[in-house]
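Residue-level structural notes
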2 protein chains.
Amino acid sequence: MREKITSSQNKRVKQWRALTTKKGRKQTETYLLEGWHLVQEAIKAKQALTAIMGTAEQLTAHAAVFPPDVATFELTDSIAKTIGDANTPQGIFATAPLAETTSVDPQDAQGGWLFLDQVQDPGNIGTMVRTADAAGLTGVVFGLGSASRYLPKVLRSMQGSQFHIQLVEDDLHEWIQTFTARHLPVYGTNLDPQAKDYRDVSPLTAGAIVMGNEGNGMAPDLQQLTTRNLYIPIKGQAESLNVAVAAGIVMFQLFG
Amino acid sequence: MREKITSSQNKRVKQWRALTTKKGRKQTETYLLEGWHLVQEAIKAKQALTAIMGTAEQLTAHAAVFPPDVATFELTDSIAKTIGDANTPQGIFATAPLAETTSVDPQDAQGGWLFLDQVQDPGNIGTMVRTADAAGLTGVVFGLGSASRYLPKVLRSMQGSQFHIQLVEDDLHEWIQTFTARHLPVYGTNLDPQAKDYRDVSPLTAGAIVMGNEGNGMAPDLQQLTTRNLYIPIKGQAESLNVAVAAGIVMFQLFG
């Protein structure tokens, strides 16, 4: 069943446009998936969708794999261009419910985890979630003060990895303390050459890596709670690595 | 000597604004350094600058380290905001001459190199240059079809690494063939699990790694010229890694 929307003043269209803002997401308790790759990943992961919408051309191209019970809306090309924030919109979207805030108890967490301490750049955050997925980690904890996982640029950079691994928003103090109490190693990262060289740590099957804020690194009080803090030796004249690159190097060394 | 500019119609102001475009850079044969971090890196590297410009406050804060022979221009706050493309402009800039197109002969190249084959995303390119610097590589070759090193977002992501390592624009066929003729290993990268696991290669002191286009990977004809092609095993469900993350993992494994 396909409903056709031709007015840009349609109430639903206004709600979809508002999904690039926090307020808009809160109002409908949903977020926006932009582009066929993300919509397809959601369908493959059997993610609950509240709507699929797109141009006639896009809907026809992909309708064969749409779940039968999801409301579908056909948009004119000009309306489709006003939704989302991609530079080159593909004309296909879906809406999905916001996840519950905290879905995993650190007492029960298994395997490898990435903890994000006040990481700010949406592209970095999304890339780290994608890398954590590729390295076989179980999930990522967004500490208090990290940017939201529902920002359009985070969603784009994750490339659907939110459907493959567990994402949690929670206080990192609790996660670090619970992991170390369970004798699971938690490795912080910083730029201090007094820290341990990341290559001198044995590969892990369970435990966590903490990445800190782009400008300030990990909070000092969190650094004190970790099992060890690691650093990546810099051979050239760059002052530091991009946080997502550093996270990739450490995750693949320890878990990859 | 400080010249004060108060008209937004000033000819120099128009030229500086145009430096976010290729045409504008070509007209004056210069490019724009935005923000104190980049201007400072250029001064530290004794890079030739054609002008330093900024608000009264910014110029006063940093004047002590300006090279004596560079023309300095004081801008009103409102003019400063119209130059460059940073989201949060700092009000300090410099202009530097565009480099000669090709400055290094592959016959003479020493140490480790990163070759970029049609990499498109400016943030990825800048991050790879910064990572190559951090990993102690000698330089980066921008193959034909890779985005320009003078795009504002490339410059921002490099964080000044263009002053630490050599950047060259040239045909990768020639670089790969010259390296292999000199018995320097050149490792391509691709997503083919038939390729060699990157962890099974010995660390290098000289040689090159090739990273390909974000969507299509390395060009097939270049893959045939390499010593070997490497892949990074994906353990989770992500289809691939971000190219800058993959480059970081391989560079630190082979050269770090």
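Residues numbered from 1 in each chain as written. Chains lettered and ligands numbered in written order. Predicted model: local features only at pLDDT ≥ 70, side-chain atom pairs only at ≥ 80, totals over all residues. Heavy atoms only, no water.

Turning our eyes to something else, we now look at the overall build of chain A. Helices and strands together make up the secondary structure of chain A, namely 10 helices and 12 strands. Based on the C-alpha atoms only, the size of chain A along its principal axes is roughly 65 × 40 × 30 Å. Relative to its 256 residues, chain A shows a buried fraction of 54%. Counted over contacts in chain A with a minimum sequence separation of 6, partners at least 24 positions apart contribute 77%. Surface exposure of chain A reaches about 11500 Å², of which carbon and sulfur atoms provide 47%. (Helix = DSSP H or I, 4+ residues; strand = E, 2+ residues; numbered from the N terminus. Buried < 20%, exposed > 50% of the residue type's maximum accessible area, 1.4 Å probe, protein only. Contact = heavy atoms within 4.5 Å. Areas by Shrake-Rupley, 256 points an atom, 1.4 Å probe, with all protein chains shown as cover.)

To continue, consider the sheet that holds strand β1 (residues 2-5) of chain A. Residue and element names in this part refer to chain A. Overall, mixed pairing links the five strands, which are arranged β1-β4-β3-β5-β2 in an open sheet. Edge positions in the sheet fall to β1 and β2 (30-34), since each of these pairs with one other strand and no more. Neighbouring strand axes in the sheet, compared pairwise and without regard to direction, differ in orientation by 25° on average. Here β1 runs beside strand β4 (residues 72-75); their pairing, made up of four bridges, is parallel. (Pairing = 2+ DSSP bridges. Axes fitted to C-alpha atoms, helices over the stretch in contact; angles between N-to-C directions.)

Our focus in this paragraph is the interface of chain B and chain A. Between chain B and chain A, the contact holds 33 residues from the first and 33 residues from the second. Where chain B abuts chain A, roughly 2500 Å² becomes buried across the two surfaces, and 55% of that area is made up of carbon and sulfur atoms. At the boundary of chain B and chain A, one finds zero salt bridges. Taken together, the connections running from chain B to chain A amount to 18 residue pairs in polar contact (both at pLDDT 80 or more). For the side of chain B that touches chain A, the secondary structure elements donating two or more residues are α3 (36-44), α6 (122-134) and α10 (243-254) of chain B. Among the residues forming the side of chain B that touches chain A, the class breakdown is 13 nonpolar, 12 polar and eight charged. (Buried area = accessible area lost by both parts, 1.4 Å probe. Salt bridge = Lys/Arg side-chain N within 4 Å of Asp/Glu carboxyl O. Polar contact = N/O pair within 3.5 Å; in protein donor to acceptor, adjacent residues only side chain to side chain. Nonpolar A, V, L, I, M, F, W, Y, C, P; charged D, E, K, R; others polar.)

Residue and element names in this part refer to chain A. Looking at where Asp197 falls in the secondary structure, it is placed in strand β10 (residues 196-197). C-alpha separation for the pair Asp197 and Ile232, spaced 35 residues apart in sequence, amounts to 6.1 Å. Ignoring sequence-local partners within four residues, the contact set of Asp197 consists of Tyr231 and Pro233. At a separation of 2.8 Å, a polar atom in the side chain of Asp197 contacts the side chain of Arg199.

All names here are of chain A. Most of strand β6 (residues 112-116) is tucked away: five of the five residues are buried. Going residue by residue along β6, you find Gly112, Leu114 and Leu116 tucked away on one face and Trp113 and Phe115 tucked away on the opposite face as well. Examined bridge by bridge, β6 and strand β11 (residues 207-211) share five bridges and lie parallel to one another. Paired with Phe115 across the two strands is Val210, which belongs to β11. Here β6 pairs with strand β7 (residues 139-142) via four bridges, running parallel. Note that in β7 the partner of Leu116 across the bridge is Phe142. Taken together, β6, helix α6 (residues 122-134) and β7 constitute a β-α-β crossover, and its handedness is right-handed. (Right-handed = clockwise from strand over helix to strand, strands pointing away.)

Below, the discussion takes up the nonpolar core. Counting residues in hydrophobic clusters, the biggest one holds 112 residues, and the most contacted among them are Leu33 of chain A together with Leu33 of chain B. Beyond its immediate stretch of four places on either side in the chain, Leu33 of chain A contacts Leu38, Val39, Ala42, Leu49, Ile92, Phe93, Ala94, Ala96, Gln162 and Phe163 of chain A. (Core = buried A, V, L, I, M, F, W, Y, C linked by side-chain atoms within 4.5 Å.)

As a further point, take the domain arrangement of chain A. Residue and element names in this part refer to chain A. Its domain assignment divides chain A into domain 1 (2-97) and domain 2 (112-254). Inter-centroid distance (C-alpha atoms) of domain 1 to domain 2 is 32 Å. With 14 residues of domain 1 in contact, the opposing surface of domain 2 contributes 11 residues. Carbon and sulfur atoms make up 62% of the area that domain 1 and domain 2 hide from each other, which totals about 1000 Å². When residues of domain 1 are sorted by the area they lose upon contact with domain 2, Arg25, Tyr31 and Leu38 head the list and together hold 43% of the total. Scanning the region where domain 1 abuts domain 2 turns up two salt bridges. Its salt-bridge partner being Glu34, residue Arg156 comes within 4.0 Å of it at the nearest N-O pair. At the boundary of domain 1 and domain 2, one finds four residue pairs in polar contact (both at pLDDT 80 or more). Looking at the side of domain 1 that touches domain 2, the elements that each hand over two or more residues are β2 and α3 (36-44). (Domains from an automatic or database assignment.)

Okay, α6 of chain B next. Residue and element names in this part refer to chain B. Given a rise of 1.5 Å per residue, 13 residues ought to cover 18 Å, and the 18 Å separating the end C-alpha atoms of α6 matches this to within 8%. The buried fraction of α6 is high, at 13 of 13 residues. Two or three places before Gly123, at the opening of α6, Asp121 has a side-chain oxygen 3.0 Å from that residue's backbone nitrogen. Downstream of α6 by a residue or two, Gly136 has a phi angle that is positive, lying close to 85°. (Expected span 1.5 Å × (residues − 1).)

As for its placement among the helices and strands, His62 of chain A is situated in helix α4 (residues 56-62). For His62 of chain A, the residues in contact, after removing those within four places along its chain, are Trp36 and Ile92 of chain A.

Residue and element names in this part refer to chain A. Spatially, the seven strands line up as an open sheet ordered β8-β7-β6-β11-β9-β12-β10, and their pairing is parallel. Strand pairing shows two members of the sheet lacking a second neighbour, β8 (166-169) and β10, which therefore form its edges. Along the sheet face, α6 touches β6, β7, β8 and β11 and points at about 150° away from the line of β7. Its contacts with the sheet place helix α8 (residues 172-181) against β6, β7, β8, β9 (186-189) and β11, and it is angled at close to 150° to β6.

This part is about the relation of the copies chain B and chain A. When chain B is fitted to chain A, the residual RMSD is 0.0 Å, and the transformation amounts to a turn of 180° plus an axial shift of 0.0 Å. Those values place the two copies in the arrangement expected of a two-fold rotation axis. The share of interface residues of chain B whose copies in chain A are also at the interface is 100%, consistent with both copies meeting through the same surface. (Least-squares fit on C-alpha atoms with pLDDT ≥ 70 in both.)

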